[in-house]
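Commentary on secondary and tertiary structure
Here's the letter readout for the chains.
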Amino acid sequence: MNPFNATRHSEVRARTRALMRKACELGEKNFDPREHLVRLDRADVPQYGGLIVGHTSLEYAIALLETHGDADRANRIVGRILDFQVRDPTSLGHGNFPFMSHWKEVADPNAVCF
């Protein structure tokens, strides 16, 4: 690896570590230990307030693992997310997840991004 690439690689890794630590900090702040999901408070948009099944909860779990944090918590988060997966093969949302825990169905069948 040439010196420029080695320096750039080192900078990217340092930034990634800092972002993962920040993700852990934010996840911890909003984590609901009873539900094993991250909570989002949105008084301005009530349908998006509550427990987040995807995205933020999963990102918190990944950050925990990347920073050698609480692997048991990360495992509980992933397990809880999987509780919401639509498993009915006849459903348009089969294999997908609702975005929020209080949603009864998947709003966008193309929404899986994790």
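Coordinates for the structure precede this section.
First, a word on scope: everything that follows refers to the structure included in this document. (Residues numbered from 1 in each chain as written. Predicted model: local features only at pLDDT ≥ 70, side-chain atom pairs only at ≥ 80, totals over all residues. Heavy atoms only, no water.)

What about the packing of aromatic side chains?
To keep it simple, the criterion reads: Side-chain rings of Phe, Tyr and Trp, where Trp is taken by its six-membered ring, are said to pair if the distance between their centres is within 6.5 Å; with planes under 30 degrees apart they count as stacked, over 60 as edge-to-face, and otherwise as tilted. Three labels apply to residues, based on accessible area from a 1.4 Å probe with only protein chains included: buried if under 20% of the type maximum, exposed if over 50%, partly exposed otherwise in between.
According to the stated counting rule, one finds two aromatic pairs in the structure shown. Note on Phe99 and Trp103: the rings are 6.1 Å apart at their centroids and 50 degrees apart in plane angle, and the pair reads as tilted. Taking relative accessible area as the criterion, Phe99 reaches 24% and is therefore assigned partly exposed.

Overview of the pairing of strand β2 (residues 37–40)
Let me state the cut-off plainly: For two strands to count as paired, DSSP must find a minimum of two bridges between them. Working definition: helices are DSSP H or I runs of at least four residues, strands are E runs of at least two. Numbering for both runs from the N terminus.
Here strand β1 (residues 31–32) pairs with β2 via two bridges, running antiparallel. Bridge pairing in β2 places Phe31 opposite Val38. What sits between the antiparallel neighbours β1 and β2 is a turn of four residues, in which His36 has the positive phi angle 60 degrees. Sheet topology places β2 next to strand β3 (residues 50–52); three bridges connect them, and they run antiparallel.

Description of helix α2 (residues 56–66)
All buried positions along α2 are accounted for by Ser57, Leu58, Tyr60, Ala61, Ala63 and Leu64. With its phi angle positive at about 60 degrees, His68 sits one or two positions after the end of α2.

Looking at the environment of Gly50
The condition that has to hold: Residue contacts are defined here by distance: any two heavy atoms, one from each residue, within 4.5 Å place the two residues in contact.
Checked against the element boundaries, Gly50 lands in strand β3. Gly50 has contacts with Val38, Arg39, Leu40 and Met100, leaving out every residue within four places of it along the chain.

Considerations on unusual backbone geometry
The phi dihedral of His36 falls on the positive side, at around 60 degrees, and the residue is not glycine. Within the fold, His36 resides in the loop between β1 and β2. By relative accessible area, His36 is classed as partly exposed at 22%. With a phi close to 60 degrees, His68 is a non-glycine residue in the positive phi region. Of note, His68 is situated in the loop between α2 and α3 (71–83).

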